[in-house]
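# Tertiary structure, described
Read off the chains here:
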Amino acid sequence: MRLPAGMTEDKLAARFDRFQIETPSWGYADTGTRFGKFLQDAAATTTTEKLADAAQVHKYTGCCPTVAVHVLWDFPDGSDPKTLAAEAEKLGVRIGAINPNVFQDQCYKFGSVCNRDPEVRRRALDHMLQSVRIAEAIGSNALSLWFADGTNYPGQDSIRDRKKRMTAALREVHDAMPPEMMMLVEYKPFEPAFYHTDIADWGMAYVFAKYAGPRARVLVDTGHHLPGCNIEHIVAYLIDEQMLGGFHFNDRKYADDDLTIGSMDPYQLFRILYEIVAAEAERGEDLPLAYMVDQSHNLKPKIEAMIQTVLTAQEHFAKALLVDHAALQAARAADDIVIAENTLRDAFQTDVRPWLAEYRKQRNLPADPLAAFRESGYVARVAGERASRKPKSGGAYA
Ligand code: PSV
Ligand code: MN
């Protein structure tokens with residue numbers, strides 16, 4: 001593999017050792033669409049099983065030591081988060097970002113922290129404050145916020161009033177966070193709201209994060225953009241403003257499809273990662289970003305899809321690290337657009353898989369994690385244990 005000037009195999013490997021990807025607990029459970037769930041015999045049925053499956057992804061890839069959790073889904077009422085954190089450690093993983101859930105209860109029909117009703121807003125806020133305490137108790141430093149708040153029809157509510165309510169809520173939560181905790185604010189253009197969403201794009205997330213306090217950043221979920229959006233442009237802006245907090249990786253064809261990263265547009269993934277690598281090269285240090293996956297695989301087997309995702313992210317990160325910055329600078333200085341573009345394409349088209357296989361072998365990991373996981377027989381084993389506990393039908397999406 002041809003390395004650009006200034007890059008060595010050791011440097012590449014060292015950067016890779018620090019490229020860790022968090023997987024989501026909800027990616028291991030049965031999920032579906034709003035038309036129904038398709039149950040998989042091997043999909044996790046409890047939080048412990050989700051953690052065990054996430055531990056498999058870490059075991060074979062070596063780069064997924066943490067698991068994001070969704071408070072209501074993973075800490076049912078009365079469960080002790082510390083017990084779960086201890087279970088995770090025993091399985092070889094740790095709890096990562098804490099995601100409050102202020103979208104599934106009936107009271108949130110017209111929104112959570114943007115709801116007109118102060119009682120509903122209070123309930124949502126109390127849940128978020130409780131999530132801060134959970135994070136504190138188990139040593140998690142990331143509070144990851146996504147709101148389903150919005151309206152379905154013009155005139156339904158005052159957009160400006162809702163903005164003020166969101167601002168006040170985020171500030172209160174930020175004030176309650178311990179000094180080492182980061183708040184990640186996610187945006188999404190539509191769904192479930194179809195007319196306006198209270199945090200619809202990166203600009204709104206940026207403004208809310210600024211109002212919330214110094215430890216709030218924007219979270220870019222790659223699936224949360226309208227068609228044609230230039231995501232790497234957003235990423236570059238947020239990096240320059242020091243307001244990028246991290247990612248929810250997934251791919252999309254139409255809307256928030258939750259498809260495996262790189263399955264639709266691998267070049268886009270490369271371009272996004274290149275913006276990070278370019279900024280790090282200029283600064284001489286890593287950007288403090290949370291790389292997380294947010295995918296629910298309805299049709300693919302869950303653990304395999306997660307391993308495939310992680311390997312794809314690694315591949316494209318390696319490609320981004322191969323961009324010849326000096327050649328790019330020279331092409332830009334000469335306004336040579338063709339060579340500038342080709343400098344990116346050369347890196348993108350490099351086959352980095354043999355290097356990654358060697359890198360893994362040196363770290364006592366399987367050269368081909370997906371094949372090794374398949375050979376382990378884990379899926380058949382857990383399917384035998386879990387299938388009998390599943391309902392007969394997937395029913396409606398819950
Ligand atoms: C919403 O679509 C989202 O991207 C948020 O990150 C949620 O927390 C996650 O999906 C799971 O519903
Ligand atoms: Mn997301």
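To keep things clear, this report deals only with the structure shown in the data block. (Residues numbered from 1 in each chain as written. Chains lettered and ligands numbered in written order. Predicted model: local features only at pLDDT ≥ 70, side-chain atom pairs only at ≥ 80, totals over all residues. Heavy atoms only, no water.)

Turning our eyes to something else, we now look at the overall build of the chain. Secondary structure assignment for the chain yields 15 helices and 12 strands. For 398 residues, the compact-globule formula gives about 21 Å, and the C-alpha radius of gyration of the chain, at 21 Å, lands near that figure. Of all 398 residues assigned to the chain, the portion counted as buried reaches 53%. Of the contacts formed within the chain by residues at least 6 apart in sequence, a portion of 78% connects residues at least 24 apart. Element-wise, carbon and sulfur atoms account for 52% of the exposed surface of the chain, whose accessible area totals about 18,500 Å². (Helix = DSSP H or I, 4+ residues; strand = E, 2+ residues; numbered from the N terminus. Rg over C-alpha atoms; globule rule 2.2 N^0.38 Å. Buried < 20%, exposed > 50% of the residue type's maximum accessible area, 1.4 Å probe, protein only. Contact = heavy atoms within 4.5 Å. Areas by Shrake-Rupley, 256 points an atom, 1.4 Å probe, with all protein chains shown as cover.)

The subject of this paragraph is the packing of helix α6 (residues 159-176) against helix α7 (residues 202-212). Axis angle and axis distance: for two packed helices, these are the angle between their axes and the distance between the axes, and together they describe the pair. Interaxial distance between α6 and α7 falls to 8 Å at its minimum, and their mutual angle equals 45°. Taken together, the axes of α6 and α7 lie oblique to each other. At the point where α6 passes α7, the crossing takes the right-handed sense. Along the contact surface, α6 presents K163, M166, T167, L170, R171 and H174, while α7 presents F208, Y211 and A212. Residue composition of the contact of α6 with α7, by class: five nonpolar, two polar and two charged. (Axes fitted to C-alpha atoms, helices over the stretch in contact; angles between N-to-C directions. Parallel < 35°, antiparallel > 145°, perpendicular 65-115°, else oblique. Left-handed = near helix turned anticlockwise from the far one by under 90°. Nonpolar A, V, L, I, M, F, W, Y, C, P; charged D, E, K, R; others polar.)

Quick look at a nonpolar patch on the surface now. A cluster of nonpolar side chains, F190, F194 and L226, forms an exposed patch at the surface whose accessible area comes to about 300 Å². For L226, the position within the fold is in the loop between β10 (216-221) and α8 (231-240). (Patch = residues over 30% accessible without salt bridge, like charges linked within 9 Å, V, L, I, M, F, W, Y side chains within 5 Å. Salt bridge = Lys/Arg side-chain N within 4 Å of Asp/Glu carboxyl O.)

Summed over all chains, the structure comprises 21 aromatic pairs. Through a chain of ring-to-ring contacts, three or more aromatic side chains come together here, namely F16, F19, F247, F249, Y291, F317, W355 and Y359. Of note, R271 hangs over the ring of Y267, and the distance from its end group to the ring centre comes to 4.9 Å. Positioned above the aromatic ring of F348 is the side chain of K319, whose terminal nitrogen or guanidinium carbon lies 5.2 Å from the ring centre. (Phe/Tyr/Trp six-rings, centres within 6.5 Å; stacked < 30°, edge-to-face > 60°. Lys NZ or Arg CZ within 6 Å of the ring centre and 35° of its normal.)

With that settled, consider the coordination of the manganese ion (ligand 2). Only E186 (OE), D221 (OD), H248 (ND1) and D294 (OD) from the protein coordinate the manganese ion (ligand 2), and they sit 2.1 to 2.2 Å from it. Around the manganese ion (ligand 2) sit six donor atoms, and with donor-metal-donor angles ranging over 70 to 161° the site reads as octahedral. The exposure class assigned to E186 is buried, which follows from its relative accessible area of 3%. Overall, the relative accessible area of 0% leaves D221 in the buried class. (Donors = N, O, S within 2.8 Å, 3.2 Å for Na, K, Ca; no water. Tetrahedral: all angles 85-135°; square planar, octahedral: opposite > 155°, others 65-115°.)

Glancing now at the environment of N364. Relative to the helices and strands, N364 resides in the loop between α13 (353-362) and α14 (369-376). A relative accessible area of 74% places N364 in the exposed class. When the C-alpha positions of N364 and I307 are compared, they lie 17 Å apart, and in sequence the two are 57 residues distant.

Further remarks concern unusual backbone geometry. The omega torsion of the bond from E191 to P192 falls at 10°, within 30 degrees of zero and hence cis. By the secondary structure assignment, P192 is in the loop between β8 (182-186) and β9 (196-197). Even without a glycine there, the phi angle at Q242 is positive, about 55°. You will see that N364, though not glycine, has its phi angle at about 55°, which is positive.

With respect to the element layout, H297 can be found in the loop between β12 (290-293) and α10 (302-321). In sequence terms H297 and V93 are 204 residues apart; their C-alpha atoms lie 21 Å from each other. The residues touching H297, leaving out its near neighbours within four places in the chain, are G27, T31, Q40, D258, T260, K302, A305, M306 and T309. Polar side-chain contacts of H297 include one of 2.7 Å to the side chain of Q295. (Polar contact = N/O pair within 3.5 Å; in protein donor to acceptor, adjacent residues only side chain to side chain.)

This part is about the site of ligand 1. By nearness alone, every residue bordering ligand 1 is listed as W26, H70, W73, N99, W146, E186, K188, D221, H224, H248, D256 and D294. One nitrogen or oxygen atom from the side chain of D221 is found 3.1 Å from an oxygen atom belonging to ligand 1. Contact distances for ligand 1 include 2.7 Å between an oxygen atom and a side-chain N or O atom of D294. Protein chains bury 88% of the 310 Å² of accessible surface belonging to ligand 1 in isolation. (Near = heavy atom within 4 Å.)

This part is about the nonpolar core. Of all hydrophobic cores here, the largest spans 111 residues; its most connected members are L170 and F247. Per-element tally for this core: the top contributor is α10, with 10 residues. What L170 contacts, discounting residues up to four positions off in sequence, is M128, L145, F147, M183, V185, F208 and A212. Of all hydrophobic cores here, the second largest spans seven residues; its members include A68, A97, L219 and M292. (Core = buried A, V, L, I, M, F, W, Y, C linked by side-chain atoms within 4.5 Å.)

This part covers the pattern of salt bridges. Applying the stated criterion to the full structure yields 22 salt bridges. Between E280 and R15 there is a salt bridge; the shortest N-O distance is 2.9 Å. Residue E280 is found in helix α9 (residues 266-283), and its partner R15 is found in helix α1 (residues 9-17); the two are separated by 265 residues along the sequence. Each member of the pair, E280 as well as R15, is classed as buried. Across the salt bridge formed by R386 and D53, the nearest N and O atoms sit 2.9 Å from each other.

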